[in-house]
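Chain and residue survey
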Amino acid sequence: MSEALPPDGEPDEYTEDVLSVVERIPPGRVMSYGDIAEYVGRGGPRQVGSVMSQWGGGVPWWRVVRADGRPASGHEVRALSRYAEEGTPMRPGSDRVNMRQARWDGGNEG
DNA sequence: ACGTTGACAGGGA
DNA sequence: ATCCCTGCCAACG
């Protein structure tokens, strides 16, 4: 059984923070696990990954990638079709996101 | 208390 | 480019 959908329980405050940030990432943009950890101000990349593993089904999880631009482990194929839909900038000849262009800092700029 | 695990990150070979 | 190791930190058995 995979955790494609969020559990019915109530998320704690940290989980809420992480998920709310992920929901704000614009289409065609991404944030790394570490970026999100810094943004929420506590925990680390692995904690963010843990939250996404459990609750990611309810948010645009494909917009959360590794620091090197690789999509979430085990979800590469699904992520790739989303990037194609959203026009996410990719590295040429690779299945990786171009972080230079696609990285979102939480601000309003493009 | 301890060892293992995990949707991670960074550095070296 | 890939593989391997270490650092990291919370959750589990």
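Rules used throughout
What you see as residue numbers is a count from 1 along each chain, following the sequence as written. Written order decides the labels, with chains lettered from A and ligands numbered from 1. Local features are withheld for residues below a pLDDT of 70 in this predicted model, meaning they are given only at 70 or higher, and side-chain atom pairs are given and counted only at 80 or more; totals for whole chains, interfaces and linings count all residues. By convention in this description, side-chain values take in all heavy atoms of the structure and omit both hydrogens and water. One heavy atom suffices: a residue is near a molecule or strand as soon as one of its heavy atoms comes within 4 Å of it. For the purposes of these results, a polar contact is taken to be a pair of N or O atoms within 3.5 Å, where, inside protein, one atom must be able to donate a hydrogen and its partner to accept one; residues adjacent in sequence count only when each atom of the pair is a side-chain atom. Helix and strand definitions here come from DSSP, where helices need a minimum of 4 consecutive H or I residues and strands a minimum of 2 consecutive E residues; each element is numbered from the N-terminal end. Residue polarity is assigned by list, with Asp, Glu, Lys and Arg as charged and Ala, Val, Leu, Ile, Met, Phe, Trp, Tyr, Cys and Pro as nonpolar; anything else, Gly included, falls into the polar class.

**Section: the protein's contact with DNA strand B**
Close to DNA strand B lie 14 residues; Arg46, Ser53, Arg66, Ala67 and Ala72 are nearest. Within 4 Å of the protein, atoms of DNA strand B come from sugar and phosphate in 40% of cases. Between DNA strand B and glycine 34, the relevant distance is 3.3 Å, taken from a phosphate oxygen to a main-chain nitrogen or oxygen of the residue. In the model, a phosphate oxygen of DNA strand B is placed 3.0 Å from a nitrogen or oxygen of the serine 53 side chain. When contributions to the surface near DNA strand B are tallied by element, the ones reaching two or more residues are helix H2 (33-40) and helix H3 (45-55). Here the element with the most residues in the surface near DNA strand B is H3; it accounts for six residues. Grouping the amino acids of the surface near DNA strand B by side-chain chemistry returns six nonpolar, six polar and two charged.

**What about the protein's contact with DNA strand C?**
In the region of DNA strand C, the neighbouring residues are Arg46, Gln47, Arg91 and Arg96. Among atoms of DNA strand C positioned within 4 Å of the protein, sugar and phosphate together represent 67%. Glutamine 47 places a side-chain nitrogen or oxygen 3.0 Å from a sugar or linking oxygen of DNA strand C. Grouping the amino acids of the surface near DNA strand C by side-chain chemistry returns no nonpolar, one polar and three charged.

None of the figures reported here should be taken as evidence of function without further support.
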